[in-house]
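A look at the structure
Residues per chain, in single letters:
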Amino acid sequence: MEAQDAIVRCARATSMKSVTAVINLPALVGNIAKIQSYVPQSKLIAVVKANAYGHGLITVSQALEQDPHVHAFAVARLPEAMELREAGIKKPVVLLEGFLNAEDVPVIAEQGFFTAIHDIEQIEAIERTPINKPIHAWLKIDIGMHRLGASRDQVQEMKARLEQSSKIVQPIGLISHLSVADTPEQEDYNREQIAYFNEVAKDFKGDLCLANSAGIISWEDARTQFVRPGIIMYGISPYADKTGPDLGLQPVMTLKSSLIATRKLKKGDRVGYGAAWTAPYDTILGIVAAGYGDGYPRTMPNGAPVLINGRYVPTAGHVCMDMLFVDLGPDSTDKIGDEAILWGEGLPVEKIAALCGTIPYELVCRIMPRVNTEVQD
């Protein structure tokens, strides 16, 4: 009997999973189709920087390589672009930050990457660097973010130098970024940015690219020839007061783990580091195998929801590196091995982010390497 019990416990233990990010590729493809319906006249550049917002750079890009709605991919940095090429991605790849060193210029030319040009130094690097074929360039202008881009008094000089260079594919494009498209109370500033971009664009014969996720959904005047869906590709809203499902999108990532222990508590028992939660009644405490070492935020307050067996149970006490506590309630019948959804399907990451004072972009981007990935085709 003892041997049989040990076998049962072992089977149960091997069936449990620690933190897993489930990536739903049909949801991703469906979101792309939904985004295209917002902008039927525009071509989509799928933004896959930062490991595809934590969803897997190669997984996401390979899933969209044959998608007819996706015309190119966008990354922040050259190593990300090289990863795509090494994985067999053939579609154009856009470097949104441009390049950092003159040594990058021959690589960009050889690989056929499209690059943003946001300062004079980048133009000078191209002018003095020997390359075998010209580079596809988009002049990036600052329309109000004040992060990267040519200032108003630099635009014409930079445009002229790029147009006169034999090392640049002609005609050059124009690209920029909206800083308040997701902030309704900043309507005037947003319209000012769009108007400035469109005014400058009148002098350009090349491709235009302005709208980000919020621009695609909310700002018709920002829907240029190319648009750049980012967070909405992954079924997440760019707005503070909406979730992805509110916009007709489906979350692509579901972060989940398992209950690994339960404990009976008496009223007044104190839980976790710093005794940050005290049981207000006799209850059953659940221990979930997930913590800030996996990317679940340490700043999560008591009472944040975790979805277990179809119901929301509140977190209790400080999140640990590898585990967190949930109050299962005095009548709990939950068992060790039961699934615990931290965010995703049935529990929007936007709501979890708001509870700990951040944005959903940060949560999905900081999934740690030890987290398992499970891809649903």
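First, a word on what this report is: a plain description of the structure on this page. (Residues numbered from 1 in each chain as written. Predicted model: local features only at pLDDT ≥ 70, side-chain atom pairs only at ≥ 80, totals over all residues. Heavy atoms only, no water.)

Let's talk about helix α2 (residues 25–38)
In a regular helix each residue adds 1.5 Å, so 14 residues correspond to 20 Å; α2 covers 20 Å between its end C-alpha atoms and thus fits that length. Restricting attention to buried positions, one finds in α2 the residues Leu 25, Ala 27, Leu 28, Asn 31, Ile 32, Ile 35 and Gln 36. Those residues of α2 hidden inside the fold are in contact with β1 (20–24), β2 (43–47), α4 (57–64), β3 (70–75), α10 (213–218) and β18 (372–376). At the N-terminal end of α2, a side-chain oxygen is found 3.0 Å from the backbone nitrogen of Ala 27, two or three residues along, and the residue is Asn 24. (Helix = DSSP H or I, 4+ residues; strand = E, 2+ residues; numbered from the N terminus. Expected span 1.5 Å × (residues − 1). Buried < 20%, exposed > 50% of the residue type's maximum accessible area, 1.4 Å probe, protein only. Contact = heavy atoms within 4.5 Å. Polar contact = N/O pair within 3.5 Å; in protein donor to acceptor, adjacent residues only side chain to side chain.)

Let's talk about the environment of Val 48
Tracing the backbone shows Val 48 in the loop between β2 and α3 (49–53). On the accessibility criterion, Val 48 (0% relative accessible area) is buried. For the pair Val 48 and Ser 61, spaced 13 residues apart in sequence, the C-alpha to C-alpha distance is 7.3 Å. Discounting residues that sit within four places of it in the chain, Val 48 has contacts with Leu 57, Val 60, Ser 61, Phe 73, Ala 74, Val 75, Leu 84 and Tyr 234.

A few points about the pattern of salt bridges
Summed over the entire model, instances satisfying the criterion amount to 12 salt bridges. Between Arg 161 and Glu 157 there is a salt bridge whose closest N-O contact spans 3.7 Å. Within this pair, Arg 161 and its partner Glu 157 are both found in helix α8 (residues 155–164), separated by 4 residues, close to a single helical turn. Residue class for Arg 161 comes out partly exposed when judged on its relative accessible area of 21%. On the basis of relative accessible area, Glu 157 is assigned to the partly exposed category, the value being 42%. In this structure, Glu 339 and Lys 256 form a salt bridge, with 3.0 Å as the shortest nitrogen-oxygen distance. Of the two residues, Glu 339 is situated in strand β17 (residues 339–343) and Lys 256 in strand β10 (residues 253–265); the sequence distance between them amounts to 83 residues. For Lys 256, a relative accessible area of 17% translates into the label buried. (Salt bridge = Lys/Arg side-chain N within 4 Å of Asp/Glu carboxyl O.)

Digging into the side chain of Glu 80
Looking at where Glu 80 falls in the secondary structure, it is placed in helix α5 (residues 78–86). One buried charged residue, Glu 80, remains without a salt bridge, the closest side chain of opposite sign being Arg 77 at 5.9 Å. Within the structure, Glu 80 has its side chain in polar contact with the backbone nitrogen of Arg 77 (distance 3.0 Å). If sequence neighbours within four positions are ignored, Glu 80 has contacts with Lys 49, Ala 50, Asn 51, Leu 57 and Val 75. (Lys, Arg positive; Asp, Glu negative; His and termini not counted.)

Quick word on the packing of aromatic side chains
This structure, assessed with the given rule, holds 5 aromatic pairs. Here the aromatic cluster, defined as three or more aromatic residues joined through ring pairs, consists of Tyr 53, Tyr 234 and Tyr 361. A cation over an aromatic ring shows up here: Arg 152 above the ring of Tyr 196, its NZ or CZ 3.8 Å from the ring centre. Over the ring of Tyr 239 we find Lys 242; its NZ or CZ atom is 5.4 Å from the centre of that ring. (Phe/Tyr/Trp six-rings, centres within 6.5 Å; stacked < 30°, edge-to-face > 60°. Lys NZ or Arg CZ within 6 Å of the ring centre and 35° of its normal.)

A closer look at the packing of α4 against α5
Two measures define how a pair of helices packs: the angle their axes make with one another and the distance between the axes. For the pair α4 and α5, interaxial distance at closest approach is 10 Å and the crossing angle is 55°. On the basis of the axis angle, α4 is oblique to α5. Crossing geometry of α4 relative to α5 is assigned as right-handed. Together, Leu 57, Ile 58 and Ser 61 of α4 and Glu 80, Glu 83 and Leu 84 of α5 make up the contact between the two elements. Here the residues of the contact of α4 with α5 sort into 3 nonpolar, 1 polar and 2 charged. (Axes fitted to C-alpha atoms, helices over the stretch in contact; angles between N-to-C directions. Parallel < 35°, antiparallel > 145°, perpendicular 65-115°, else oblique. Left-handed = near helix turned anticlockwise from the far one by under 90°. Nonpolar A, V, L, I, M, F, W, Y, C, P; charged D, E, K, R; others polar.)

Notes on the side chain of His 55
One can find His 55 in the loop between α3 and α4. By relative accessible area, which is 3% here, His 55 ends up buried. Filtering out sequence-adjacent residues up to four positions away, His 55 remains in contact with Ile 23, Val 60, Tyr 234, Val 252, Met 253 and Val 364.

Considering the nonpolar core
Grouped together as the largest cluster of nonpolar side chains are 117 residues, with contacts concentrated most on Ile 141 and Trp 343. The next biggest cluster of nonpolar side chains, apart from the first, holds 9 residues, and it includes Leu 265, Ala 279, Leu 285 and Phe 325. (Core = buried A, V, L, I, M, F, W, Y, C linked by side-chain atoms within 4.5 Å.)

So, the packing of helix α7 (residues 120–128) against α8
The interhelical angle for the contact between α7 and α8, taken along N-to-C directions, is 15°, at an axis separation of 11 Å. What the angle tells us is that α7 and α8 run roughly parallel. In this structure, the crossing between α7 and α8 has a hand that is left-handed. The residues of α8 that touch α7, namely those facing Ile 120, Ile 123, Glu 124 and Glu 127, are Glu 157, Met 158, Arg 161 and Leu 162. For the contact of α7 with α8, a count of residues per class yields 4 nonpolar, no polar and 4 charged.

Here we look at the pairing of strand β15 (residues 311–314)
Both faces of the sheet carry side chains from a regular strand, because those side chains alternate between them. With 4 bridges connecting them, strand β14 (residues 305–308) and β15 associate as antiparallel partners. Bridge assignment links Ile 308 to a residue of β15, and that residue is Arg 311. Hairpin connection from β14 to β15: 2 residues lie between these consecutive antiparallel strands, with Asn 309 at a positive phi of about 50°. (Pairing = 2+ DSSP bridges.)

Comments concerning α8
Val 155, Met 158, Lys 159 and Leu 162 are the residues of α8 that are buried. The arc that holds the buried residues of α8, viewed along the axis, is 100°, so those residues lie on one side. On its buried face, α8 is in contact with β5 (114–117), α7, β6 (136–140) and α9 (187–201). (Arc of directions from axis to C-beta.)

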